[in-house]
Amino acid sequence: MDRTILIVDDDPHIRQLLAFAFAKAGLATREASDGEAALAAVAADPPDLVVLDINMPRLNGLDVCRRLRAQGDLPILFLSSRDDEIDRVLGIELGADDYVVKPFSPREVVARVQAILRRAGAPRPPAEPDAGLSRGRLRLDPESWSAWWGEAEAPLTVTEFGILRALASAPTRVFTRDAIIDRLHGPGFAITDRTIDSHIRNLRAKFAGLGGHDVIETRPGVGYRLGPCRGPAA
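Residues numbered from 1 in each chain as written. Predicted model: local features only at pLDDT ≥ 70, side-chain atom pairs only at ≥ 80, totals over all residues. Heavy atoms only, no water.

Participant: Explain the sheet that holds strand 1 (residues 4-8) to me, please; I cannot follow it from the model alone.
Facilitator: Think of a sheet as strands paired side by side through backbone hydrogen bonds, with each pair either parallel or antiparallel. Sheet architecture is open: five strands sit in the order 2-1-3-4-5, paired in parallel fashion. The sheet is open, and its two edges are formed by strand 2 (28-32) and strand 5 (98-101), each paired on a single side. Geometrically, the sheet is characterised by an average inter-axis angle of 20° between neighbouring strands, direction not taken into account. Two elements, strand 1 and strand 3 (residues 49-53), share four bridges in a ladder whose sense is parallel. In the strand pairing of strand 3, I7 is matched with V51. (Pairing = 2+ DSSP bridges. Helix = DSSP H or I, 4+ residues; strand = E, 2+ residues; numbered from the N terminus. Axes fitted to C-alpha atoms, helices over the stretch in contact; angles between N-to-C directions.)

Below is the structure:
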């Protein structure tokens, strides 16, 4: 078991259920029963991914996500009992890689976690000589999973980098949301269009903060494609 998942939920039954499912998949687990305990656990020994409940005592999952995102790009999957799209979108905009709504299938949670870990790619295969992707002021390095706008690195999550890499791999192609999902997770993986839209919005905001307002174009009724990435006119 070379990957460790931190399960954060105030319900011991859910923690036990997920720990059993992850163990069957060959993943080690640790547990935390509230947000403050989760932050302490990450600080003491960072896991490979956090499964994070939203509604918890002492410190809720959204606040935990904000603090973790301020420290780095540790992958996060939200668990939510709120059947409310605003909460789901908020979770993605905070930097979570995915979410699952309660009640859930443990097998679905394991599948989503494994998909995120595959994208995180540790260990990652060696990059081919031409694996770097660039367009205008945008540059991607798949080997280090880093994205740059000029000389500034954009702080992307694993999922955000995966979406941008897919668009950059075929810069003239318009990708439907389903095509983006297939690139990230493989065919047949269930995820909502709104999740992709939220990641795109987050990508745009991050690059806009660096001066890149033309990184992603929307084709109404179709999907998204890579923009010219030229930045503001001289």
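Past the structure itself, the notes keep going.
Participant: Honestly, the pattern of salt bridges in this entry has me stumped. Any pointers?
Facilitator: Pairs can form between side chains of opposite charge whenever their charged atoms are close. Enumeration over the complete set of coordinates arrives at 13 salt bridges. Two residues, R66 and D63, come together in a salt bridge whose shortest N-O distance is 2.8 Å. Here R66 pairs with D63, and both are found in helix 3 (residues 61-71), just three residues apart, close to one helical turn. Its relative accessible area of 40% is what places R66 among the partly exposed residues. A relative accessible area of 27% places D63 in the partly exposed class. R112 is the partner of D98 in a salt bridge, and the nearest nitrogen-oxygen pair spans 2.9 Å. Taken together, the residues span a long stretch of sequence, with D98 in strand 5 and R112 in helix 5 (residues 106-120) at a distance of 14 residues. Assessed through its relative accessible area of 1%, D98 is described here as buried. (Salt bridge = Lys/Arg side-chain N within 4 Å of Asp/Glu carboxyl O. Buried < 20%, exposed > 50% of the residue type's maximum accessible area, 1.4 Å probe, protein only.)

Participant: Would you mind going over the environment of I163 with me for this structure?
Facilitator: For I163, the location among the structural elements is in helix 6 (residues 158-169). With relative accessibility at 0%, the residue I163 sits in the buried group. As for I163 and I196, which are separated by 33 residues in sequence, their C-alpha atoms are 8.6 Å apart. Non-local contacts of I163, meaning those with residues more than four positions away in its chain, are made with I180, L184, I196, H199, I200 and L203. (Contact = heavy atoms within 4.5 Å.)

Participant: Explain the sheet that holds strand 8 (residues 146-149) here, please?
Facilitator: Overall, antiparallel pairing links the four strands, which are arranged 6-7-8-9 in an open sheet. The open sheet has two edge strands, strand 6 (133-135) and strand 9 (152-154), and neither has a second partner. Between one strand axis and the next, the sheet turns through 25° on average, direction left out of account. As judged from the three bridges shared by strand 6 and strand 7 (residues 138-141), these two strands associate in the antiparallel manner. Following the sheet pairing, L133 is matched in strand 7 by L140. Sitting on the sheet, helix 6 touches strand 6, strand 7 and strand 8, and the angle it makes with strand 7 is about 110°.

Participant: Help me understand helix 6, please; the structure alone is not making it clear to me.
Facilitator: One turn of the α-helix equals 3.6 residues, which is why residues spaced by three or four share an orientation. Its twelve residues place the ends of helix 6 16 Å apart at the C-alpha level, agreeing with the 16 Å of an ideal helix rising 1.5 Å per residue. Taken residue by residue, helix 6 has V158, T159, E160, F161, G162, I163, L164, A166, L167 and A168 as its buried positions. (Expected span 1.5 Å × (residues − 1).)

Participant: Help me understand the packing of helix 2 (residues 35-44) against helix 3 in this model?
Facilitator: Each pair of packed helices can be described by the angle between their axes along with the distance between the axes. The contact between helix 2 and helix 3 brings their axes to 9 Å, and the two run at 20°. Between helix 2 and helix 3, the interaxial angle falls into the category roughly parallel. Crossing hand, helix 2 versus helix 3: right-handed. Residues G35, L39 and V42 of helix 2 touch helix 3, and the partners they reach there are V64, R67 and L68. Of the residues in the contact of helix 2 with helix 3, the class split is four nonpolar, one polar and one charged. (Parallel < 35°, antiparallel > 145°, perpendicular 65-115°, else oblique. Left-handed = near helix turned anticlockwise from the far one by under 90°. Nonpolar A, V, L, I, M, F, W, Y, C, P; charged D, E, K, R; others polar.)

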